[in-house]
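Structural overview
The residues making up each chain are set out below.
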Amino acid sequence: MQEPLLGAEGPDYDTFPEKPPPSPGDRARVGTLQNKRVFLATFAAVLGNFSFGYALVYTSPVIPALERSLDPDLHLTKSQASWFGSVFTLGAAAGGLSAMILNDLLGRKLSIMFSAVPSAAGYALMAGAHGLWMLLLGRTLTGFAGGLTAACIPVYVSEIAPPGVRGALGATPQLMAVFGSLSLYALGLLLPWRWLAVAGEAPVLIMILLLSFMPNSPRFLLSRGRDEEALRALAWLRGTDVDVHWEFEQIQDNVRRQSSRVSWAEARAPHVCRPITVALLMRLLQQLTGITPILVYLQSIFDSTAVLLPPKDDAAIVGAVRLLSVLIAALTMDLAGRKVLLFVSGYAVGWGPITWLLMSEVLPLRARGVASGLCVLASWLTAFVLTKSFLPVVSTFGLQVPFFFFAAICLVSLVFTGCCVPETKGRSLEQIESFFRTGRRSFLR
């Protein structure tokens, strides 16, 4: 059983209760063993991340093919290729901006479902493209959908997951995104570029079908005064044989205390400003490691190096290694802890999946929808600058210059992790929020 927060006020965190209730982690393990529906709901949601990962690296095999195209309307110059690769991130930034409104207006689930509209339209445009404008518009729409899901899915998953498995489930968005990228690389060995866009429609349609049967986040439902529906949703997620009233009361109490949206004046308070700043800096540092331009131009990067295997095969191998690494992160995150993995692991085990999970864990409930959208907006604007400038920098200075810069950012990330990032393993979202409110170091033990 986890230790309570020492000296925290209120009956929820009484230091020496006469009959302490089971901890959230203990209840989560029991509920998870008895009910697998939370995994089904998570899978339905993270299909959006599969589509996001697929769309992100779509240009990796397509740019080399279009640079060799004999069709003058589709032949890409280096400048056009850089726009085709980077415009996705502008769409993603717009999606993150939209999530600041939609996350709290429609709710997490409906916002994820809404992302299917621009995603399907974008793939259709690229599949039938007869000019550069169709390629760029399709790429922008799939980017918009990706930015929206990137802000909404981690929040949805963290809010429906029990604390005992929230680390594993919180890694699934990144896991599915990597799986989507690997699928694109693998299909790129077999299919022409138009059919790659057609294949991208399938996970979008499956996501819509499955999510229509899944519940919304109990925390979102409570924030809208739909208490009975929230209780039913929580019971469905935890299982009918599990008494969910204790967990429901904890969530309900936290939601009642934060029933209104955070104001700009309150946003400056340390218990609100600090977690938002931590989440925002994590997202910026993750992008500054250079992962997005590397993935977008992966095959082109291998084309410019003296590798033994064909560039398409090398890209597929990188995708397979990333998938294995994120799977390791998902299996070890609730055992080793988030902070340890950020220190000792590479991108795909640490800064890839963990920063998305930590973002959804540390953001306060009242600001979670808006703040997650803000984090995604800043993240993808940074990615656009890096992706748009990557090819010109490589052409002028060579590959070593951007890669030395990315290495320096990795060192900065280690210092930031040690100084600013809290360990959230095994803690409920309410406990995490209480830590930022009280600042008690006992939380981290």
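Attention here is on the structure that accompanies the text.

Definitions and limits used
- Residues numbered from 1 in each chain as written.
- Predicted model: local features only at pLDDT ≥ 70, side-chain atom pairs only at ≥ 80, totals over all residues.
- Heavy atoms only, no water.
- Phe/Tyr/Trp six-rings, centres within 6.5 Å; stacked < 30°, edge-to-face > 60°.
- Helix = DSSP H or I, 4+ residues; strand = E, 2+ residues; numbered from the N terminus.
- Buried < 20%, exposed > 50% of the residue type's maximum accessible area, 1.4 Å probe, protein only.
- Contact = heavy atoms within 4.5 Å.
- Salt bridge = Lys/Arg side-chain N within 4 Å of Asp/Glu carboxyl O.
- Axes fitted to C-alpha atoms, helices over the stretch in contact; angles between N-to-C directions.
- Parallel < 35°, antiparallel > 145°, perpendicular 65-115°, else oblique.
- Left-handed = near helix turned anticlockwise from the far one by under 90°.

1. Here we look at the packing of aromatic side chains
Following the criterion strictly, the structure yields ten aromatic pairs and no others. Seen in terms of ring centroids, Phe50 and Phe179 are 5.5 Å apart; in terms of plane orientation they differ by 65°. Their pairing is edge-to-face. Remark: Phe179 occurs in helix H9 (residues 172-188) and Phe50 occurs in helix H2 (residues 37-56); sequence separation between them is 129 residues. A residue is classified by how much of its surface remains accessible, and Phe179, at 38% relative accessible area, is partly exposed. Both rings, one in Tyr54 and one in Tyr123, keep their centres 6.1 Å apart while their planes meet at 75°; by these two values the pair is edge-to-face. Taken together, the positions of Tyr54 in helix H2 and Tyr123 in helix H6 (residues 116-127) put the pair 69 residues apart, joining distant regions of the chain. Exposure remark for Tyr123: the relative accessible area of 1% places this residue in the buried category.

2. Quick word on the side chain of Ser181
Position of Ser181 among the secondary structure elements: in helix H9. The exposure class assigned to Ser181 is buried, which follows from its relative accessible area of 2%. In this view, Ser181 contacts Gly53, Tyr54, Val57 and Arg322; residues no more than four positions away in its chain are not counted.

3. Remarks on the pattern of salt bridges
Per the counting criterion, the structure on display carries four salt bridges. Across the pair Arg226 and Glu229 runs a salt bridge, and its minimum N-O distance is 3.0 Å. Given a relative accessible area of 35%, Arg226 falls into the partly exposed group. In this structure Glu229 comes out as partly exposed when scored by relative accessible area, which is 31%. Two residues, Arg238 and Glu247, come together in a salt bridge whose shortest N-O distance is 2.9 Å. Residue Arg238 is classed as buried on the basis of its relative accessible area, which comes to 4%.

4. Comments concerning the packing of H6 against helix H11 (residues 201-211)
Contact geometry of H6 with H11 gives a least axis separation of 9 Å together with a crossing angle of 160°. Judged by the inter-axis angle, H6 sits roughly antiparallel to H11. Once H6 is placed against H11, the crossing between them reads as left-handed. Each of Ala116, Ser119, Ala120, Tyr123 and Ala124 in H6 lies in contact with H11, whose residues at this interface are Glu201, Val204, Met207 and Ile208.

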